[in-house]
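Tertiary structure, described
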Amino acid sequence: MASQEKSINREKTIVTTGIIGIVANVFLASFKALIGVAAHSTAMVLDAVNNFSDVLSSLVAIIGTKIASRKPDKKHPLGHGRVEYLAQMIIAALIIYAGLTAMIESVKKIINPVEPEHSALSLVIISVAIVVKIVLGLFVRKQGKKVKSDLLMSSGTDALFDAILSTAVLVSAVILLVFKFNIEAYVSVAISLFILKAGLEIIFEAVDDMLGHRVEAEYTRKVKESVNSFDEVHGAYDIVLHNYGPERYLGSVHIEVDDTMTAHQIDALTRSITEKVYLDTGIILTAVGIYSNNSSDEHLMKMRNEIAGLVVDHKHILQIHGFYVDEERKKIVFDVVVDFEEQDREGLIAHIVGDVKEALPGYDVQVTIDNDISDQ
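Since we're looking at a predicted model, the values are computed, not measured.

**Brief notes about the environment of D280**
Mapped onto the fold, D280 is located in helix 8 (residues 263-281). On the basis of relative accessible area, D280 is assigned to the partly exposed category, the value being 43%. Counting along the chain gives 57 residues from D280 to V223, while the straight-line C-alpha distance between them is 8.2 Å. At 2.9 Å, the side chain of D280 and the side chain of S226 are in polar contact.

Structure below.
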């Protein structure tokens, strides 16, 4: 219930912030467009166009959030959260379109220059726009960080870029009035480049989220803390989290427990772990794997420590876990987490197996490679 309430509050925050952004940008764009046309200022008109694109961006953010918040259905059993990433792509496309349009118009003005006619009123409006954009940008970014919304973070960053661009327009207007030197067309080119840059950055962020990237350490740390809070658990490993939208994770984890535990005890423990992790983090564990610990044999525990020291001495080995010795079958098994910098993984494992066999002759050694997919 707490997770559902958090999701509802997140949606309300994004929608409310989006509406505030729409109102502010419509107000700014209208005044900039009127003054820009009256003053024959290409830079100001392009700045107004950029504000109108921000209005569309806010609308996309609101609609995208609404769709992403829909409940799971038969066709989408894991929810619609990834729609937010698609919304980011649409916002990026709008921004890039505005940037390309601005670039084309700017080049035209450089080829066929038209001198703008600025007045005290136009300068005041630009100054007010700068202040409004700075306040709006900081507010939207703060709200985005609060609810962990890349949509709002991108929108807030874009607003702060607008403040910089409006400042450039103001400076060019002052230069024209004081030094009678017209640089507005060139400022317009700079504005279009800034717009294009912002659009491309949003695309890269959205693609990164859609491809799937390394989970933030904050999430794995919280899962580990929750799992390790049980006395029966001697360690949490192999945490794999799949993102199905902002703040929506499904995942799995391996836990190490005593080899004396019964199936009944393990079943009760894993159910309790799944419940606690969800209540603590909102993350749904779809599976809890088991590593058996040779807790009843001190000799084997000592053997484990010796081998662990031997293994981690190898370069690019980040961790060893899942260690178990089957004395009856003379078999040693364990997992190692290997750094992505290691190019010859098979060769590294063969070397480790050789070292362990040399230290403990007569044992069959089986090593499983785990990728460094989350902070260990």
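**Quick notes on the pairing of strand 5 (residues 331-338)**
Most of strand 5 is tucked away, with six of its eight residues classed as buried. Following strand 4 (residues 317-326), the chain reverses through four residues before pairing antiparallel with strand 5; K330 in that reversal takes a positive phi of roughly 55 degrees. One ladder, built from eight bridges, connects strand 5 with strand 6 (residues 364-371); its direction is parallel. Counted as the bridge partner of V338 is N371 from strand 6.

**Considering the nonpolar core**
Formed by 22 residues in total, the largest nonpolar core has its most connected members in I91, I95, I191 and I195. Only helix 2 (42-68), helix 3 (83-111), helix 4 (120-147), helix 5 (150-179) and helix 6 (184-211) provide two or more residues apiece to this core. With six residues, helix 5 is the largest single contributor of residues to this core. If we ignore the near neighbours within four places in the chain, the residues touching I95 are S57, D158, I195, A198, G199 and I202.

**Structural notes on the pairing of strand 2 (residues 249-258)**
Of all 10 residues in strand 2, seven are buried; the element is thus mostly enclosed. Alignment of strand 2 against strand 3 (residues 284-293), held across nine bridges, turns out to be parallel. Paired with L250 across the bridge in strand 3 is I284. As a crossover connection, the stretch from strand 2 through helix 8 into strand 3 is right-handed.

**Some thoughts on a nonpolar patch on the surface**
Residues V174, L177, V178, F179 and F181 make up a contiguous nonpolar surface patch of about 510 Å² in total accessible area. Positionally, F179 belongs in helix 5.

**So, empty space enclosed by the protein**
What the rule picks out here adds up to two cavities of 30 Å³ or more. Roughly 110 Å³ of internal volume is contained in the largest cavity. Considering the residues around the largest cavity, the lining is formed by 16 residues, among which N25, D54, S58, S155 and D158 are closest to the centre. Elements with a contribution of two residues or more to the lining of the largest cavity: helix 1 (2-39), helix 2, helix 3, helix 4 and helix 5. When residues of the lining of the largest cavity are assigned to their parent elements, the largest contribution, five residues, is made by helix 5. For the lining of the largest cavity, the residue count by class is seven nonpolar, six polar and three charged. Reported here for the second largest cavity is a volume of approximately 50 Å³. Lining the second largest cavity, in full, are T17, G18, S58, A61, V140, L151, L152 and S155. Of all the elements in the fold, those that place two or more residues in the lining of the second largest cavity are helix 1, helix 2 and helix 5.

Scoring rules and cut-offs
Residues numbered from 1 in each chain as written. Predicted model: local features only at pLDDT ≥ 70, side-chain atom pairs only at ≥ 80, totals over all residues. Heavy atoms only, no water. Helix = DSSP H or I, 4+ residues; strand = E, 2+ residues; numbered from the N terminus. Buried < 20%, exposed > 50% of the residue type's maximum accessible area, 1.4 Å probe, protein only. Polar contact = N/O pair within 3.5 Å; in protein donor to acceptor, adjacent residues only side chain to side chain. Pairing = 2+ DSSP bridges. Core = buried A, V, L, I, M, F, W, Y, C linked by side-chain atoms within 4.5 Å. Contact = heavy atoms within 4.5 Å. Right-handed = clockwise from strand over helix to strand, strands pointing away. Patch = residues over 30% accessible without salt bridge, like charges linked within 9 Å, V, L, I, M, F, W, Y side chains within 5 Å. Areas by Shrake-Rupley, 256 points an atom, 1.4 Å probe, with all protein chains shown as cover. Salt bridge = Lys/Arg side-chain N within 4 Å of Asp/Glu carboxyl O. 1 Å grid on protein atoms, 1.4 Å probe; cavity = no way out; pocket = protein on both sides within 12 Å on 5 of 7 lines; lining within 4 Å. Points joined across faces, edges and corners; volume = space filled by probe spheres on them. Nonpolar A, V, L, I, M, F, W, Y, C, P; charged D, E, K, R; others polar.

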